Amino acid sequence: MTAGLAIACPAVLRAEPRRLRLAHGLPVSHPVHPAMQHFADIVRERTQGEIEIALFADGQLGQEPDLLSQVQAGKLDFLKVSASLLERFQPAYKVLNLPFTLRDRAHWLKVTSNDVGRDILASTTSSGIVGLTYYDAGARSFYGQKPINHPDDLKGLKIRIQPSETMIRLMQLFGAQGVELAWSNIYVALKSGLVDGAENSVAALIVGRHAEVVTHYSFDEHTMIPDVLLVGAGCLEAMTPNQRDIVREAAWASYHHMNTLWTSFEAQSRLAIEARGVTFVEPDKAPFIAKAAPLTEMFAGEEFSRNLLKRIAQS
């Protein structure tokens, strides 16, 4: 009789979960990893195990440009990538890479969470990738073997940058040479003198151990480029409407979780950097803003770009 009941109730049998992959290039010690794990946990819980997302950190599946191609081709499901790379797919992302467009962290939080930020996230859908949310990556400043008190201090220097036409042009305005290098190669490049410096948040000096091979960090804070959590358009389309809603809601829950994690992590990083003997420099930002202005003026030449900048300035 028990056997008969079991046969008559096939609904109790659960389908195999849909197993998806999320890749990024940072170590698990970086706060973005637990933020994305928070995202994966929420998705698993709210879909009742229908979707399971496994995280692959530290460039296990490749570097960001290669991973972007994998997502577009449907070979990878989710990716955390710097917004600097996305300007190649959608000009709207350029605004997030422009110097001094985002005034401070409070402004960053407003822009990334309002309609402007959401419109930018949706702008790459036709390219096969959909932005789900942003992650704080801090304000980017220069660091190397000497203090940078003025843009003229950058003349002739080779500075590591992320792959970005905007950043190449910014370095040219400052009189420096932008050198595109993968994250995993920065430490050796700084130590060997292949580059004279780099530009990133203070956290990079701890996560990438750069504090071991540089002596000065100069807070010019020229950009506040966020990281972006992406999903393949095909992967998202294959989900049920309810699953898509859960994924989007979980992504924004991880955004708020990351904001809390980042504040603490950045403060701890500053203390650790000082303990390693790196000197902090607080330059006057006005000369940097003036020197970088032509880049924003160039971007604002088109009506679409001008309107986007206006919306951000009014946020």
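Our subject is the structure that appears above.
Residues numbered from 1 in each chain as written. Predicted model: local features only at pLDDT ≥ 70, side-chain atom pairs only at ≥ 80, totals over all residues. Heavy atoms only, no water.

## Structural notes on the overall build of the chain
Step number 1: When helices and strands are tallied, the chain shows 14 helices and 11 strands.
Step number 2: Counting only C-alpha atoms and orienting by the principal axes, one finds that the chain spans roughly 85 × 45 × 30 Å.
Step number 3: In the chain, which comprises 315 residues, the share counted as buried stands at 51%.
Step number 4: Counting contacts in the chain only where the partners sit at least 6 residues apart, residues at least 24 apart contribute 76% of the total.
Step number 5: Roughly 14,100 Å² of accessible area belongs to the chain as shown, and the carbon and sulfur atoms make up 52% of that amount.
Step number 6: The centroid of the 31 positive side-chain charges in the chain is displaced by 1 Å from the centroid of its 34 negative side-chain charges. (Helix = DSSP H or I, 4+ residues; strand = E, 2+ residues; numbered from the N terminus. Buried < 20%, exposed > 50% of the residue type's maximum accessible area, 1.4 Å probe, protein only. Contact = heavy atoms within 4.5 Å. Areas by Shrake-Rupley, 256 points an atom, 1.4 Å probe, with all protein chains shown as cover. Lys, Arg positive; Asp, Glu negative; His and termini not counted. Charge placed at Lys NZ, Arg CZ, Asp CG, Glu CD.)

## Some details on the sheet that holds strand β2 (residues 51-56)
Step number 1: Spatial strand order, β2-β1-β3-β10-β4: five strands in an open sheet with mixed pairing. Here the strands that pair on one side only, and so sit at the sheet edges, are β2 and β4 (129-135). Each strand of the sheet is rotated relative to its neighbour by a mean of 25°, with strand direction disregarded.
Step number 2: Pairing between β4 and strand β10 (residues 227-232): six bridges, direction antiparallel. (Pairing = 2+ DSSP bridges. Axes fitted to C-alpha atoms, helices over the stretch in contact; angles between N-to-C directions.)

## Comments concerning the pattern of salt bridges
Step number 1: Summed over all chains, the structure comprises 14 salt bridges.
Step number 2: R19 is the partner of E16 in a salt bridge, and the nearest nitrogen-oxygen pair spans 3.5 Å.
Step number 3: In this structure E16 comes out as exposed when scored by relative accessible area, which is 66%.
Step number 4: Residue R19 is classed as exposed on the basis of its relative accessible area of 55%.
Step number 5: Measuring nitrogen to oxygen at the nearest pair gives 3.0 Å for the salt bridge that ties R140 to E199. Linking R140 in strand β5 (residues 140-144) with E199 in strand β8 (residues 197-200), this pair joins segments that are 59 residues apart in sequence. Grouping residues by exposure puts R140 and E199 together as buried.
Step number 6: Residues joined in a network through salt bridges with shared partners are E16, R19 and E52. (Salt bridge = Lys/Arg side-chain N within 4 Å of Asp/Glu carboxyl O.)

## Quick word on the packing of helix α6 (residues 105-113) against helix α12 (residues 241-275)
Step number 1: α12 packs onto α6 with a crossing angle of 170° between their chain directions and a minimal axis gap of 12 Å. Comparing the axis directions of α6 and α12 gives the class roughly antiparallel. Here α6 contributes R105, W108, L109, T112 and S113 to the contact with α12, which in turn contributes W252, Y255, N259, W262 and T263.
Step number 2: Split by residue class, the contact of α6 with α12 holds five nonpolar, four polar and one charged. (Parallel < 35°, antiparallel > 145°, perpendicular 65-115°, else oblique. Nonpolar A, V, L, I, M, F, W, Y, C, P; charged D, E, K, R; others polar.)

## Things to note about α6
The α-helix winds at 3.6 residues per turn, so residues separated by three or four positions along the chain end up facing the same way.
Step number 1: For α6, the set of buried residues is H107, W108, V111 and T112. Burial along α6 is one-sided: seen end-on, the buried residues are contained in an arc of 125°.
Step number 2: Capping the start of α6 is the job of one residue whose side-chain oxygen sits 3.2 Å from the backbone nitrogen of A106: D104. (Arc of directions from axis to C-beta. Polar contact = N/O pair within 3.5 Å; in protein donor to acceptor, adjacent residues only side chain to side chain.)

## Describing helix α14 (residues 303-313)
Step number 1: The set of residues buried in α14 consists of S305, L308, L309 and I312. For α14, the buried positions fall inside an angular range of 100° around the axis, keeping them on one side. Seen from the buried face of α14, the exposed residues on the opposite side, beyond 90 degrees, are E303 and K310.
Step number 2: For α14, the secondary structure elements touched by its buried residues are α5 (94-97), α6, α7 (115-122) and α13 (286-299).

## Here we look at the nonpolar core
Step number 1: In terms of nonpolar packing, the biggest core is built from 48 residues, with V95, Y134, L154 and M171 touching the most fellow members.
Step number 2: In terms of residues, this core owes the most to one element, α13, which gives four residues.
Step number 3: Ignoring anything within four residues of it in the chain, the contact list for V95 reads T101, I120, F299, L308, L309 and I312. (Core = buried A, V, L, I, M, F, W, Y, C linked by side-chain atoms within 4.5 Å.)

## Quick word on the packing of aromatic side chains
Step number 1: Taken as a whole, this structure holds 10 aromatic pairs when the rule is applied.
Step number 2: Between F174 and F288, the aromatic rings sit 5.9 Å apart at their centres with planes inclined by 85°, giving edge-to-face as the arrangement. Here F174 is found in the loop between α8 (165-173) and β7 (177-180), whereas its partner F288 is found in helix α13, with 114 residues between them in sequence. No difference in accessibility class separates F174 from F288, as the two residues are buried.
Step number 3: Note on W252 and Y255: the rings are 5.0 Å apart at their centroids and 70° apart in plane angle, and the pair reads as edge-to-face. Separated by three residues within a single helix, W252 and Y255 lie in helix α12, roughly one turn from each other. For the pair formed by W252 and Y255, the shared burial category is buried. (Phe/Tyr/Trp six-rings, centres within 6.5 Å; stacked < 30°, edge-to-face > 60°.)

## A short note on the pairing of strand β6 (residues 158-161)
Step number 1: Where β6 meets β7, four bridges bridge the pair, whose relative direction is parallel. Counted as the bridge partner of K158 is Q177 from β7.
Step number 2: Taken together, β6, α8 and β7 form a β-α-β motif whose crossover is right-handed.
Step number 3: With two bridges connecting them, β6 and β8 associate as parallel partners. Looking at the pairing, R160 lines up with A198 of β8. (Right-handed = clockwise from strand over helix to strand, strands pointing away.)

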